[in-house]
Amino acid sequence: MASAPYSPFRTLTLNPEPKPAFPARIGTRNPLLSICRKFSFRAQSHVDLSPEIAGGLQLNLPMQSYNPLEPAAGAVVGPSVAFVPRPKRARKNVLLFYCEEMKDLARRVVSESDAIELRSISWKKFEDGFPNLFITNAHEIRGQHVAFLASFSSPQVIFEQLSIIYALPRLFIASFTVVLPFFPTGSSERMEDEGDVATAFTLARILSNIPISRGGPTSIVIFDIHALQERFYFGDNVLPCFESAVPLLKNRLQELPDSDNISIAFPDDGAWKRFHKQLQHFPVIVCNKVREGDQRIVRIKEGDPRGRHVVIVDDLVQSGSTLIECQKVLAAHGAAKISAYVTHGIFPNQSWKRFKYDNGVGPENGLSHFWMTDSCQLTVNEIENQAPFEIISLAGAIAAALQI
């Protein structure tokens, strides 16, 4: 019978017989490894030689099974590869400048991190009242990460700070961050009639034209901006970073002895839209304003305050009328205690004096606590050690934001 034609190739056939378990050092989460468990590969000779060659050559090619994931005997094995965890990102060493109003907060920020160093500016004025400014040791900040802690508490101080903010990026610095805890314009603006001017848009455009530093666009850190649409006022030449101080409030509430009996009240739908996702694990009460004749009255729209320690949450307070009306209606519906929180306590004309301390008598007489941050330092200076006010500092949050 004629022999099969000569073929110099080997063929591989699959043997579906299960193989023993792999050694412990080989993982099994890879799908390829699971497939290799089910099949082994077998090499078989299909070489047919002529009688002349076969007479002088003896082949010994037994059937072999082998694991393709293990090197053959005598094979040169390269060095093993170890998975090295990604190293932690090094902290930025930041030089922090500040306006005079924010000196105390700047010092608290520095106390939160040894990677932040305080630097000073000479804030003087010429005889005509215009600013005479000087950046101390300006040549030493080249190649450094620089930040400026600002406060636009009044139009009188905005121009001198903008002059510094525009000058610092031009000093060949590695990066520049402006921390403006409270973005003040637009807090009372209502674009209802033709001719209304959106000053928040104007200020955002001014900040959007800060010169680019060697590290790229300027970062602008703002806490709980009042109108959410204002985040879209900024141009592409800056990087707005919108932070919230509500996590600081949550930490403070956890420290209260009645932390398991707290409900959150929002004075209107705007406050609910802004903060409810961050406070959704608390029972919620939503109030709203309704018009009765010439008066606007606060009523409870949703939720039950009976027997609860109710904390009214909003982004800012000015005259305080809305918070006071909200306090009254909550007390009338059986709240056991009432407190309040705002990120920005503005209080023009010392309107903070309208808020009384309940002194344990009852929520109809006042508030148990009134928490606010130190974003408005002038207010902090006025209400220091005045019950029911308590300051929750932004220092730690600002120090963390400077590392972004």
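Heads up: the structure comes first, above all this text.
Draft legend 1. Representation of the overall build of the chain. Of regular secondary structure, the chain possesses ten helices and 18 strands. The long-range share in the chain, meaning contacts at least 24 apart out of those at least 6 apart in sequence, stands at 64%. Of the roughly 23,500 Å² of accessible surface on the chain, 52% is carried by carbon and sulfur atoms.

Draft legend 2. A look at the packing of aromatic side chains. Evaluation of the coordinates by the stated rule reveals eleven aromatic pairs. With a centroid separation of 5.7 Å and 55° between ring planes, the pair formed by phenylalanine 183 and phenylalanine 234 is classed as tilted. With phenylalanine 183 in the loop between strand 9 (175-179) and helix 5 (199-208) and phenylalanine 234 in the loop between strand 10 (218-223) and strand 11 (238-243), this pair connects stretches of sequence that are 51 residues apart. Each member of the pair, phenylalanine 183 as well as phenylalanine 234, is classed as buried.

Draft legend 3. Main features of the nonpolar core. Of all hydrophobic cores here, the largest spans 69 residues; its most connected members are Phe148, Phe183 and Leu207. The biggest single contributor to this core is strand 4 (residues 94-98), with five residues. Setting aside its immediate chain neighbours within four residues, phenylalanine 183 contacts Ala200, Leu203, Ala204, Leu207, Ile222, Ile225, Glu230 and Phe234. If you look at the next biggest cluster of nonpolar residues, it comprises 25 residues, including Val310, Leu330, Ala331 and Val342.

Draft legend 4. Seen up close, the pattern of salt bridges. This structure, assessed with the given rule, holds eleven salt bridges. One salt bridge connects aspartate 114 with arginine 91, and the closest N-O pair in it is separated by 2.7 Å. With aspartate 114 in the loop between helix 3 (103-112) and strand 5 (116-118) and arginine 91 in the loop between strand 3 (64-66) and strand 4, this residue pair connects regions lying 23 residues apart in the sequence. Since its relative accessible area comes to 65%, aspartate 114 is described here as exposed. Between aspartate 304 and arginine 306 there is a salt bridge, with the nearest N and O atoms lying 2.7 Å from each other. By relative accessible area, which is 38% here, aspartate 304 ends up partly exposed. Residues participating in the shared-partner salt-bridge network are Glu117, Arg119 and Glu140.

Parameters and conventions
- Residues numbered from 1 in each chain as written.
- Predicted model: local features only at pLDDT ≥ 70, side-chain atom pairs only at ≥ 80, totals over all residues.
- Heavy atoms only, no water.
- Helix = DSSP H or I, 4+ residues; strand = E, 2+ residues; numbered from the N terminus.
- Contact = heavy atoms within 4.5 Å.
- Areas by Shrake-Rupley, 256 points an atom, 1.4 Å probe, with all protein chains shown as cover.
- Phe/Tyr/Trp six-rings, centres within 6.5 Å; stacked < 30°, edge-to-face > 60°.
- Buried < 20%, exposed > 50% of the residue type's maximum accessible area, 1.4 Å probe, protein only.
- Core = buried A, V, L, I, M, F, W, Y, C linked by side-chain atoms within 4.5 Å.
- Salt bridge = Lys/Arg side-chain N within 4 Å of Asp/Glu carboxyl O.

Geometric descriptors of this kind do not, in isolation, establish any biological role.
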